[in-house]
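Fold and contact review
So you can see what is in the structure, the chains are spelled out below.
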Amino acid sequence: VGLAHADNEGDFDSTRINASFEAGAATTVTAYVSMNDGVGREDGYGLGFTHSLGGATLAGGIEKTRADSTRADLGIRFNF
């Protein structure tokens, strides 16, 4: 669990809360929420996961960014 706050010198403030938890022996789920106050500043949030495949890791996530767009990724990382 994490918490961060930034005061951007009167322009806007930003606060982020994030957490990770294990969902089984090989899977970790991570989520965050970013709250922003200020003109034109949207809130953001995301959800991601990693799953161990032995010598590789499957990872993916989706987020709504502060720019109000949605991004997603999915991939496999190999460990040699």
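Refer to the structure presented above.
An account of the accompanying structure is given in this report.

Reading guide: rules and limits
By convention here, each chain's residues receive numbers from 1 onward along its written sequence. Residue-level local features of this predicted model are given only where pLDDT is at least 70; pairs of side-chain atoms are given and counted only at 80 or more, and the full residue set underlies all totals for whole chains, interfaces and linings. Only hydrogens and water are set aside; all other atoms, that is, all heavy atoms of the structure, feed into the side-chain values. The helix and strand labels rest on DSSP assignments: H or I over at least four residues marks a helix, E over at least two residues marks a strand, and numbering proceeds from the N terminus. For this measure, only C-alpha atoms enter the radius of gyration; the expected value for a globule follows 2.2 Å times N^0.38, where N is the number of residues. In this scheme, a residue with accessible area under 20% of its type's maximum is buried, one over 50% is exposed, and one in between is partly exposed, where area comes from a 1.4 Å probe on protein chains only. Residue contacts follow a heavy-atom distance rule, with two residues in contact if any of their heavy atoms lie within 4.5 Å. Per-residue and other accessible areas were derived by the Shrake-Rupley procedure at a 1.4 Å probe size, with only the shown protein chains allowed to occlude residues. At least two bridges found by DSSP between two strands is the condition for calling them paired. As a rule, the C-alpha atoms of each element are fitted with a line to give its axis, helices using only the stretch in contact, and angles between N-to-C directions run from 0 to 180 degrees.

**Structural notes on the overall build of the protein chain**
Scanning the protein chain from terminus to terminus reveals 0 helices and 6 strands. Secondary structure elements of the protein chain, listed N to C terminal, follow the sequence β-β-β-β-β-β. For 80 residues, the compact-globule formula gives about 12 Å, and the C-alpha radius of gyration of the protein chain, at 16 Å, lies well above that figure. In terms of principal-axis extent, the alpha carbons of the protein chain reach across some 50 × 25 × 20 Å. Looking at the protein chain as a whole, 20% of its 80 residues qualify as buried. Partitioning the intrachain contacts of the protein chain with sequence separation of at least 6 by distance along the chain shows that 13% fall at a separation of at least 24. A total accessible area of about 5,700 Å² is found for the protein chain, and carbon and sulfur atoms account for 57% of it.

**Some points on the sheet that holds strand E6 (residues 70-78)**
Within the open sheet, the 6 strands sit side by side as E1-E2-E3-E4-E5-E6. Their pairing is antiparallel. Strand pairing shows two members of the sheet lacking a second neighbour, strand E1 (2-7) and E6, which therefore form its edges. The average angle at which neighbouring strand axes cross in this sheet is 10°, direction not considered. As defined by bridge partners, E1 adjoins strand E2 (residues 13-22) across 6 bridges and the pair is classed as antiparallel. Pairing of Leu 3 across the sheet is with Ile 17, part of E2.

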